[in-house]
Amino acid sequence: MRHRQSQVYMSVLLLVIVGGAVSIAGVLRSSPSQPVTSGCAWPVALNQVTLTENSQLNVGNPDTADDYWIMPVPVEDGLRVTLSGEYPDSRYMSIAVYNAQGTPFTTNGVSSTLADYRIAADPGSVNPWQHQAPPGGRFTVTLRSNVAPAQVNTLPVAPARTPNGNTDVIFYRVYAAQGGPEQVPLPSITITHNGKSTQLPQCPASSQQRIPKSYCSIPWVGKESPVCRATHGAATPDEDGTITPFAKNPVGEGGTPDNDIAYLSASIVPRRNAEVVVVRAKAPTTPSGNAPAPWPQPGTDLRYWSLCIDLAQPSVPVVVNRLSNRTADYGCRHDNQVPVDRKGYYTFVIGTESQRAAIERIPGTTFLPFSATNPAQPYELNLRNMLPEGHFPQAIQSVPANGRSASAAAAMGPYYPRIAFCPLATLAAGGPSACMLAAVPPSNNANETTTSATSARLIETLLFACVLVGWAILETWQGLRRRGKSSPAAQPGREGSRLIMFFYGVVAVAIAIWAAAKAPEASTPGGVITFGIGLCFMCGGLVLRWRSFKALSRYLTVPVTTSPDQLLITTGPYRFVRHPSYLGLILVLAGIGVILANWLSIAVLALVPLIGVMYRTHIEEDALPGILGDAYTGYASTRKRLVPFVW
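How each quantity is defined
- Residues numbered from 1 in each chain as written.
- Predicted model: local features only at pLDDT ≥ 70, side-chain atom pairs only at ≥ 80, totals over all residues.
- Heavy atoms only, no water.
- Helix = DSSP H or I, 4+ residues; strand = E, 2+ residues; numbered from the N terminus.
- Buried < 20%, exposed > 50% of the residue type's maximum accessible area, 1.4 Å probe, protein only.
- Contact = heavy atoms within 4.5 Å.
- Areas by Shrake-Rupley, 256 points an atom, 1.4 Å probe, with all protein chains shown as cover.
- Lys, Arg positive; Asp, Glu negative; His and termini not counted.
- Salt bridge = Lys/Arg side-chain N within 4 Å of Asp/Glu carboxyl O.
- Polar contact = N/O pair within 3.5 Å; in protein donor to acceptor, adjacent residues only side chain to side chain.
- Phe/Tyr/Trp six-rings, centres within 6.5 Å; stacked < 30°, edge-to-face > 60°.
- Lys NZ or Arg CZ within 6 Å of the ring centre and 35° of its normal.
- Core = buried A, V, L, I, M, F, W, Y, C linked by side-chain atoms within 4.5 Å.
- Pairing = 2+ DSSP bridges.
- Expected span 1.5 Å × (residues − 1).
- Axes fitted to C-alpha atoms, helices over the stretch in contact; angles between N-to-C directions.
- pLDDT = per-residue confidence, 0-100.
- Disulfide = S-S within 2.5 Å.

A. Quick peek at the overall build of the protein chain. Of regular secondary structure, the protein chain possesses 13 helices and 25 strands. The buried share among the 647 residues of the protein chain stands at 53%. Sequence separation of 24 or more characterises 78% of the internal contacts of the protein chain that already satisfy a separation of 6 or more. As displayed, the protein chain has an accessible area near 27,800 Å², and 58% of this comes from carbon and sulfur atoms.

Printed below as a string of structure tokens:
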């Protein structure tokens, strides 16, 4: 599994490398003594605006609270790049240089990434991440090939021994900017070569949304980028209802990772019965606002965290739903957008746009959207932790990168996010705790897909099938055993009552199955618990019918008959009600309704057969006093028909 960085985006990186570098490098090679006079600064921007305008930029599971600007840098002997800018009004800022493979590097012991709190201010200015101050102070960062550890605000322009003609790339990252990306002042870029300096003009915002198709002529660009129609092979979908719990995967090359962030990833394939996905864990504390503040900050665990839902397909785009009010909803929420309960826990609920209103009415929940165009497709969930404090060992940074969810759960404790499918009705009625009873447990097997539904449903199906087979055997055996064994003097009653009961039972089952499929909003709470209750109803009903058959012995008949030698049965279940076998039948059918996990199904299977049972008991009670006389009348006066003390 690829590293879950907010990464920006290998394919875009590959595209933009050539964009700004061709003109710069061409001038440097053809006129080495002349300053650069072409090209512009920050030719590609990646933010909510550009994600909406150009879907080809939506790659590499971007965090939509994060704004990136990208600048290719040609590798040339003696080249120096100077960034001069203002500290933005934002939660976080960093500058990073990546090699041609999209990874940070170290040259002469100097890292190619620099976070805000490590960037020294220009004389007369103050870094607001080092000292209490408003944003706007100035800084200067220099990229050069001959770096040394003692140099302040200096980054290597390329790994050691990188041949001339290669291209690296600069990323300028800003998280949770006040006013959005339009309010972020971009650093100016000055390129110095052979003693000549040129400040590049800022690229216009409109051009940052387009990727020139001519870049696709570069083989390794065309191989990776969706805009070049690169083919990666479709992701293999798992069975619906599949969950792979959160784990930290081994870090591979590429992906332009931010060294200040660690990622926990999970995957899900939604169920087709409209159940939502619930993600719940304790929330780390972070700064309450988005303004820069001295770091470390007392009382916080992390600088920033977020959860995003991405499509599990090549190039891993984040969900972007265009809504009817002409706005877009992005599949990311960050810490300050997420409410927590009294215990400090957050609850994300992932559902369709049609479920949004109902989810948002549930207190303490945060809605995340499935794709509006294809909600049933596979998804990836990516949880980000940025810059943990030393006192917070439960951060994702402390999790072993072995792909094992059990390792992540052990390292993070209550901060480990657990996932469960849940009927929306369950969540609304019982709250998140009712849903978490069905959460998928962490696994010790790396990259093992745990099916929240597949394994559980297999067991449930086998148990349900066993009970149904047991029921069929019981009814068939009793029917065959009693065939032709009535007393010779037995008088037939109304045979049609049996057909009426059968008809009502079949109709009830058919309606119940239809209701479960057509009315998912009536789903019952509980998951495994609901199934267990339904199975108990069925088993209890079968036991009651068997005990009733045993008590009746040779007087058990399928059609209603009376016999002169018939005795009044008051043993077994008949001590409590007059028609216990019919109560058993209703319990079996009601149990099927509970297993269908739908209130309408339960009501149909409990009530519709009751009509047939009432008719059947009416026929029997007309016949029995005629043969049993006052004994039956007295018996009936002290016992209810079906439910003790009720009816």
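B. Examining the side chain of Asp310 more closely. Relative to the helices and strands, Asp310 is located in strand E16 (residues 304-311). No salt bridge is formed by the buried Asp310; its nearest oppositely charged neighbour, Arg384, is found at 5.3 Å. At a separation of 2.5 Å, a polar atom in the side chain of Asp310 contacts the side chain of Asn382. If we skip the residues at most four places from it in the chain, Asp310 touches Asn61, Val316, Pro317, Val318, Val319, Tyr379, Glu380 and Asn382.

C. The pattern of salt bridges, seen in detail. With the rule as written, the count across this model stands at eleven salt bridges. Glu275 is the partner of Arg271 in a salt bridge, and the nearest nitrogen-oxygen pair spans 2.6 Å.

D. Spotlight on the packing of aromatic side chains. One pass over the structure, following the stated rule, counts 13 aromatic pairs. Here a set of aromatic residues connected by ring pairs shows up, and it is made of Trp42, Trp69 and Tyr172. The ring of Tyr68 has Arg173 sitting right over it, with the charged end atom 4.9 Å from the ring centre. Taking NZ or CZ as reference, Arg303 lies 4.7 Å from the ring centre of Trp295, over its face.

E. Main features of the nonpolar core. Counting residues in each nonpolar core, the largest one holds 37 residues, and the members touching the most others are Phe246, Leu264, Val279, Ile350, Leu381 and Ile419. Within the residue set of this core, elements represented by two or more residues are strand E13 (242-247), strand E14 (261-269), strand E15 (276-282), E16, strand E20 (345-351), strand E22 (379-386), helix H5 (405-412) and strand E23 (418-422). With residues up to four places along the chain from it excluded, the contact list for Ile419 reads Ile243, Phe246, Ala266, Ile268, Val277, Val278, Val279, Leu381, Ala439 and Val440. With 32 residues, the next largest nonpolar core counts Ile170, Tyr172, Val184 and Ile191 among its residues.

F. Spotlight on the pairing of E23. With four of its five residues buried, E23 lies for the most part within the structure. Relative to E23, E15 runs antiparallel, the two being bridged by five bridges. For Arg280, the partnering residue across the bridge sits in E23 and is Arg418.

G. Seen up close, H5. Judged by how many residues are buried, H5 sits mostly within the fold: six of eight residues are covered. Here H5 has its buried residues at Ser405, Ala406, Ser407, Ala408, Ala409 and Met412. The first or second residue beyond H5 is Gly413, which carries a positive phi of 60°.

H. Local environment of helix H11 (residues 580-595). The end-to-end C-alpha distance of H11 is 23 Å, a good match for the 22 Å that 16 residues give at a rise of 1.5 Å each. Burial within H11 is extensive, with 15 of its 16 residues counted as buried. Directly beyond the C-terminal end of H11, a positive phi value near 60° is found at Ala597.

I. Structural detail: the pairing of E14. Burial runs high along E14: nine of the nine residues are buried. On E14, burial covers both faces: Ile261, Tyr263, Ser265, Ser267 and Val269 on one face and Ala262, Leu264, Ala266 and Ile268 on the other are all buried. With four bridges joining them, E13 and E14 adopt antiparallel strand pairing. Directly across from Ile243, in E14, lies its bridge partner Ile268. Pairing analysis gives eight bridges linking E14 to E22, with the strands arranged antiparallel.

J. Broad picture of the environment of Thr571. Inspection of the secondary structure assignment puts Thr571 in the loop between strand E25 (561-562) and H11. Thr571 sits 23 residues away from Ser548 along the chain, and the two C-alpha atoms are 9.0 Å apart.

K. Summary view of the side chain of Ser405. With respect to the element layout, Ser405 can be found in helix H5. For Ser405, a relative accessible area of 4% gives the class buried. Setting aside residues up to four positions removed in sequence, Ser405 forms contacts with Pro245, Phe246, Ala247, Tyr416, Pro442 and Ser443.

L. Representation of the sheet that holds E15 within the structure. With mixed pairing, four strands are arranged side by side in an open sheet as E21-E20-E15-E23. The open sheet has two edge strands, strand E21 (365-369) and E23, and neither has a second partner. The average undirected angle you get between the axes of adjacent strands in this sheet is 25°.

M. Highlighting the sheet that holds strand E3 (residues 80-86). The strand order across the open sheet formed by five strands is E9-E8-E3-E11-E12, and the pairing between neighbours is mixed. Of all strands in the sheet, those bounded by a partner on one side alone are strand E9 (154-156) and strand E12 (196-200). Neighbour to neighbour, the strand axes of the sheet diverge by 20° on average, direction disregarded. Judged from the five bridges that link them, E3 and strand E11 (residues 188-193) form a sheet pairing that is antiparallel. Note on E11: the bridge partner recorded for Ser84 is Ser188.

N. Spotlight on the confidence of the model for the protein chain. With 76% of its residues at a pLDDT of at least 70, the protein chain reaches an overall mean of 79. Every residue in residues 21-38 is under pLDDT 50, and counting partners more than four places away or in other chains gives 36 contacts. This stretch, residues 212-222, has a pLDDT under 50; its non-local contacts, to residues over four places away or in other chains, come to 20 contacts.

O. Region of interest: the environment of Ala281. Looking at the element boundaries, Ala281 is found in strand E15. With 137 residues separating them in the primary sequence, Ala281 and Arg418 have C-alpha atoms 6.6 Å apart. Ala281 has contacts with Gly344, Tyr345, Tyr346, Pro414, Tyr415, Tyr416 and Pro417, leaving out every residue within four places of it along the chain.

P. Here's a closer look at the state of the cysteines. Throughout the structure, instances matching the rule amount to three disulfides. The disulfide partner of Cys308 is Cys332, and the gap between their sulfur atoms is 1.9 Å. Across the disulfide from Cys308 to Cys332, rotation about the S-S bond amounts to roughly 115°, and the bridge is consequently right-handed. Placement of the pair is Cys308 in strand E16 and Cys332 in strand E19 (residues 332-334), with a sequence separation of 24 residues. Assigned by exposure class, Cys308 and Cys332 land together as buried.

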